[in-house]
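Report on the structure
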Amino acid sequence: MAAAGHVNIPETWWKHEMFTPKCTCLDNELIIKSGEDHRNHFRSFIKKKWRYGLVDESMWLFRRNPFQNVISWTAAISGLLSNGMHLKSIELFLEMLSYGVMPNNVTFVSVVRACAEMTDFALGMSVLSLVVKLGFEYDVSLCNSLITFSLRLGKMEMARRVFEQMEKRDVISWTVILDLYVEMGNLQEARKVFDEMPERNEVSWSAMISRYTQIGDSKDAIELFCQMIENGIKPNSSCLASAINALANLKSLQPGKTIHAHVIKIGLANDVFISSSLIDLYGSCGRPKDGRLVFDMVQNKNAVCWNTMISTYSSSGHLEEAKKLFDQIPMKSIGSWNSMVSGYLENDQYNKVFEVFNDMLLSGQKPDVSTLSSVLCACANLTSLEKGKDIHGKTFKLGFQHDVFVGTSLVDMYAKSGDIDNSKRVFNKMTEKNEVSWTAMIQGLAENGFAEESLELFQEMEKTTRIKPNELILLAILFACSHCGLVDRGLHYFNVMEPFYNIKPNERHYTCVVDMLSRSGRVSEAEDLIKSMLCEPEVNAWAALLSGCKTYGEDDIAERTAAKIQELAGKKTGGYVLLSNVFASAGKWPEVVKTRKLMKERGLKKSGGCSWIEVRNESNLFYSQDGSCNDLNEICGVLEQLKYHMLVLFENN
DNA sequence: CAGTAGTTCT
């Protein structure tokens, strides 16, 4: 055991703290006192350096370690790996081989993981051949990492084969194979594996629970969590984080509080994973202040903690708090920027979206797919073609031109801005299209008045892809039929929605069809339809019906509809607005004033109209009945001047 | 005896 003796070391580094206090040095020779084992001293010293992520220092020490063997090499390889330097770790492995040091099973576990991280299948295969050559192919942990490797590379068959040929399997093997079925989208089979596992530990339980949470089956996740507790398994921090996450999805505040209390009791209140989930829980339950209390208690906040708190503030509308916190983040990650960008987007503050986006670019942070999608969505909402085109250019510079999310956002942006040609161009160039991409294009065509094309594209989608139409696509199709006057075809789609496409028509679908029937003069059919609805009709549906009545002189129905609208007016903002419009169109001005007054008394606010113009790439917004525009006085002054000049010109001519 | 494989947060 004792590594006593003399070891040659260079002069430059013998004074290093690594050697004190157990070693002395004389004439460039490390004198190791007999009876003391320095090997472990060295190793634990280097290990600590690796754990702190001090790569250069760790490598410096590794190079000078007088006790080099397979273990120190393996430690260095895995140290590089856990610090994200995958290629370097492979290079070190090759160097090790060139020195004639024989790798063992543990070495291969790290090397296989490096191959997985680099998603390099060929490299993995050559490592595998070496594994077989040296006879490690029956090692349990090595097989486990081989299964993980195959899974990451999408080689499901291979993963299964490795699992099946194993002579011995442990908990980890079974837990890994759970993920095989999850990756294939077969959670039932995963559950079967879980139920049939010969052995389960807290990790297997949390794997299953987290999978249910991720898929959105929060109820099943919680059920499993309860079963786990009943089985006497102590949940670890990852398990608790998953459970809290599930409760956040379900917005179950009370059970969440119970777990929170438990977390404090067992001393895990400082865990960043748990705390982030708790912040999210309180945020989802509409308690951002309680989330803030949790946030303030966390000692070592990581990026996720900060970003979760910001998202919590912005999703509950506290954008000033969000921005204040954002400005305090010591190290802003891409996620921090994205949560601020999407916060403003969610709250319809599109100018702020661009402000933060510009700050982001100025700070040197490269945007990612999610940033660009959010910013493009802001462009779409502002119908700001100039800005949208600018972002389109940036997607090329950043190399995202083939990304399906960015492409879809571009299609939508161009369509919403009315530039349907560019929208189609982007769509046709996309190498990968998903359900959302098709939805955006079909919707874009329908809403821009290209109803025929929209219907054609829908048929193309049904013919060439396996994508099933969703609620929004069908809405667009009904809209297209309505605006093309293809009433029977529209009715056909409406009637087959539920039996054929398995989609229950919602209020918006009904409104579309009512509108379609009313426009084409089939007013009484429209009335029958609206009366047959199981859900509450939208105010717009009544409005469409009324407008049809007026066009086609259906006075009886008009009277009934107007009465209905009056009745509805008490309940909804839109009802009052509609009512006052009905009165207005009938010329009953005193009634209009009365209705508006009633709205004001009841504190109902009509969402304000807003117009804008783009001047020198900057949007200027103008709100109705509201002098909130900063330069309003100046603008009015200029208008007066213009008017004066016009009058002068007019008189001179 | 050391070096390793599976699960957690926006």
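Every chain is numbered independently, its residues counted from 1 as its sequence is written. Written order decides the labels, with chains lettered from A and ligands numbered from 1. Residue-level local features of this predicted model are given only where pLDDT is at least 70; pairs of side-chain atoms are given and counted only at 80 or more, and the full residue set underlies all totals for whole chains, interfaces and linings. Side-chain numbers come from the whole structure's heavy atoms, not from hydrogens or water.

Examining the packing of aromatic side chains
Aromatic rings from Phe, Tyr and Trp, with only the six-membered ring used for Trp, were paired whenever their centres fell within 6.5 Å, and each pair was classed as stacked if the ring planes differed by under 30 degrees, edge-to-face if by over 60, and tilted otherwise. One pass over the structure, following the stated rule, counts 14 aromatic pairs. Aromatic side chains Phe 108 and Phe 136 sit 5.9 Å apart centroid to centroid with 55 degrees between the ring planes, which places their arrangement in the tilted category. Within this pair, whereas Phe 108 is found in helix α5 (residues 105-117), its partner Phe 136 is found in the loop between α6 (121-133) and α7 (140-152), the two being separated by 28 residues in sequence. An aromatic cluster of at least three residues, connected via ring pairs, comprises Phe 458, Tyr 493, Phe 500 and Tyr 501. A ring has a charge above it when a Lys NZ or an Arg CZ is no more than 6 Å from the ring centre and no more than 35 degrees off the ring normal. Taking the ring centre of Phe 121 as reference, the NZ or CZ of Lys 155 above it sits at 4.4 Å. For the purposes of this entry, the term helix denotes a DSSP run of H or I that reaches at least four residues, the term strand denotes a run of E that reaches at least two, and both are numbered from the N terminus.

Thoughts on helix α11 (residues 202-215)
Take the number of residues in a helix, subtract one, and multiply by 1.5 Å to get its expected span. Across its 14 residues, α11 extends 20 Å between first and last C-alpha, which sits within 8% of the 20 Å expected from 1.5 Å per residue. Relative accessibility thresholds used throughout: buried, under 20% of the residue-type maximum; exposed, over 50%; partly exposed, between the two (1.4 Å probe, protein chains only). Among the 14 residues that make up α11, ten are buried, leaving the element largely enclosed by the rest of the structure. Contacts were defined at the residue level, with two residues in contact if any of their heavy atoms lie within 4.5 Å. Where α11 is buried, its residues touch α9 (171-183), α10 (187-196), α12 (218-230) and α13 (237-250). Under this definition, polar contacts are N or O atom pairs within 3.5 Å; protein pairs additionally need one hydrogen-donor-capable and one acceptor-capable atom, and for neighbouring residues in sequence, both atoms have to be side-chain atoms. The backbone nitrogen of Val 203 has a side-chain oxygen 3.0 Å away, supplied by the residue at the start of α11, namely Asn 201. Count one or two residues on from α11 and you reach Gly 216, which has phi positive near 100 degrees.

So, the environment of Met 533
Position of Met 533 relative to the elements: it lies in the loop between α30 (523-532) and α31 (539-552). Put simply, Met 533 and Glu 507 are 26 residues apart on the chain and 8.4 Å apart in space, counted from C-alpha to C-alpha. With residues up to four places along the chain from it excluded, the contact list for Met 533 reads Glu 507 and Tyr 510.

So, unusual backbone geometry
Although it is not a glycine, Asp 348 adopts a positive phi angle of roughly 60 degrees. Summarising the element assignment, Asp 348 is placed in the loop between α19 (334-346) and α20 (350-362). A positive phi angle, close to 45 degrees, is found at Thr 383, a residue other than glycine. Within the secondary structure, Thr 383 sits in the loop between α21 (369-382) and α22 (385-397).

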